[in-house]
Amino acid sequence: MTVVIDNRAKPRPRHPEKQARPDTPLLRKPDWLRVRAPGSEGYAATRSVVKAHGLVTVCEEAACPNIGECWSQSHATMMIMGEICTRACAFCNVTTGKPNPLDPTEPARVADAVAKMGLKHVVITSVDRDDLADGGAAHFAEVVGAIRAAAPTATIEILTPDFLRKPVSAIETVIDARPDVFNHNLETVPRLYLSIRPGARYYSSLRLLERVKERDPVQFTKSGLMVGLGETKEEVMQVMDDMRSAGVDFLTIGQYLQPTRKHAAIDRYVTPEEFGAYEEIARAKGFLMVSASPLTRSSHHAGEDFARLQAARQAQEARAAAQASAQAATKA
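Residues numbered from 1 in each chain as written. Predicted model: local features only at pLDDT ≥ 70, side-chain atom pairs only at ≥ 80, totals over all residues. Heavy atoms only, no water.

### A few points about the pattern of salt bridges
Then comes step 1: Using the criterion set out here, one finds 21 salt bridges in the structure.
Then comes step 2: For Asp162, the salt bridge goes to Arg87, with nearest N and O atoms at 2.9 Å. Of the two residues, Asp162 is situated in the loop between strand E5 (155-159) and helix H6 (168-175) and Arg87 in the loop between strand E2 (84-85) and strand E3 (95-96); the sequence distance between them amounts to 75 residues. In terms of burial, Asp162 and Arg87 fall into one category: buried. (Salt bridge = Lys/Arg side-chain N within 4 Å of Asp/Glu carboxyl O. Helix = DSSP H or I, 4+ residues; strand = E, 2+ residues; numbered from the N terminus. Buried < 20%, exposed > 50% of the residue type's maximum accessible area, 1.4 Å probe, protein only.)

Pasting the structure below:
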């Protein structure tokens with residue numbers, strides 16, 4: 001008799017906290033959500049730069065459906081502070097666990113990659129780092145500063161964690177780094193936070209966005225929602241109102257896509273027509289910029305959208321100036 005002992009270490013589950021959950025059904029994707037597999041020369045070139053600099057991207061870690069399109073155009077969203085998150089959101093494909101210490105060389109490596117790729121607009125996001133006293137705020141600021149030095153003409157958009165239970169000074173450190181766009185996603189409606197985003201608090205996230213405008217009114221703010229998780233139209237519109245009350249300039253709305261059977265189940269696929277209606281409603285509520293479609297993601301077409309965002313503000317300021325001039329003329 002031969003006894004075989006397998007000494008090979010079993011790979012750690014990507015989402016250990018979800019392993020005990022029952023499998024949820026996977027709905028068949030409709031035609032409007034089908035995308036081509038990546039493989040262009042531009043995609044390969046972007047991947048080469050990312051790997052050569054030892055960088056992590058949310059495009060890969062979150063299994064973004066737009067990676068082929070974006071990377072073919074040299075658009076990649078850098079994910080700083082490692083690839084392991086301290087949160088366990090039910091919708092997210094990023095690995096959960098105990099993160100490694102921060103890498104002090106990362107800001108320089110990110111900045112060098114931005115310069116070599118010739119990016120005109122760069123998006124920087126991160127995992128949640130609840131293990132750090134400032135949530136990684138100082139590291140975020142260092143990355144923004146390094147990019148400013150290496151690629152002074154590039155505009156910078158950051159997509160940050162919520163800095164929940166961190167000092168106000170941590171949030172101020174990131175705001176004071178003066179990114180061109182400060183993005184923090186609310187993700188879903190308040191009613192679904194306990195099941196979808198249990199480690200976060202809706203009003204804390206909303207307050208973060210409000211603080212940005214209070215400290216730096218010129219800085220653009222941006223936030224996003226996923227739909228198809230069981231929310232109602234009325235709940236989405238209430239979130240829009242909450243965002244406008246906090247001064248949010250730019251709203252993105254996209255379809256939730258279930259990474260695995262262990263993640264939150266898709267309630268339904270929202271139709272392109274419904275996304276169009278959401279966009280129309282949001283614009284009527286006063287957002288400077290709205291992007292709403294099944295494949296919309298926070299950093300999808302970020303550079304083009306930033307240019308539109310700037311143009312929208314300029315047009316708004318011109319209208320306000322003309323109105324003020326007309327009122328002054330009437331009084332005279």
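### A closer look at the packing of helix H9 (residues 233-245) against helix H10 (residues 272-284)
Then comes step 1: Axis separation between H9 and H10 bottoms out at 10 Å; the angle between their running directions is 35°. In this structure, H9 crosses over H10, and the sense of that crossing is right-handed. Each of Lys233, Val236, Met237 and Met240 in H9 lies in contact with H10, whose residues at this interface are Tyr278, Ile281 and Ala282.
Then comes step 2: Residue composition of the contact of H9 with H10, by class: six nonpolar, no polar and one charged. (Axes fitted to C-alpha atoms, helices over the stretch in contact; angles between N-to-C directions. Left-handed = near helix turned anticlockwise from the far one by under 90°. Contact = heavy atoms within 4.5 Å. Nonpolar A, V, L, I, M, F, W, Y, C, P; charged D, E, K, R; others polar.)

### Quick notes on the packing of aromatic side chains
Then comes step 1: Applying the stated criterion across every chain, the model contains three aromatic pairs.
Then comes step 2: With a centroid separation of 5.6 Å and an interplanar angle of 90°, the aromatic rings of Tyr193 and Tyr202 are classed as edge-to-face. Judged on exposure class, the residue Tyr193 and its partner Tyr202 are both buried.
Then comes step 3: Ring centres of Phe220 and Phe306 lie 6.0 Å apart, and the angle between their planes is 90°; this geometry places the pair in the edge-to-face category. Taken together, the residues Phe220 in strand E7 (residues 220-227) and Phe306 in helix H11 (residues 302-331) connect sequence positions 86 residues apart. Accessibility assignment for this pair places Phe220 and Phe306 in one class, buried.
Then comes step 4: Among the aromatic residues, those joined into a cluster by ring pairs are Tyr193, Tyr202 and Tyr203.
Then comes step 5: Between the NZ or CZ atom of Arg244 and the centre of the ring of Phe287, over which it lies, the distance is 5.5 Å.
Then comes step 6: Across from the ring centre of Phe220, 3.7 Å away, lies the NZ or CZ of Arg313, which sits over that ring. (Phe/Tyr/Trp six-rings, centres within 6.5 Å; stacked < 30°, edge-to-face > 60°. Lys NZ or Arg CZ within 6 Å of the ring centre and 35° of its normal.)

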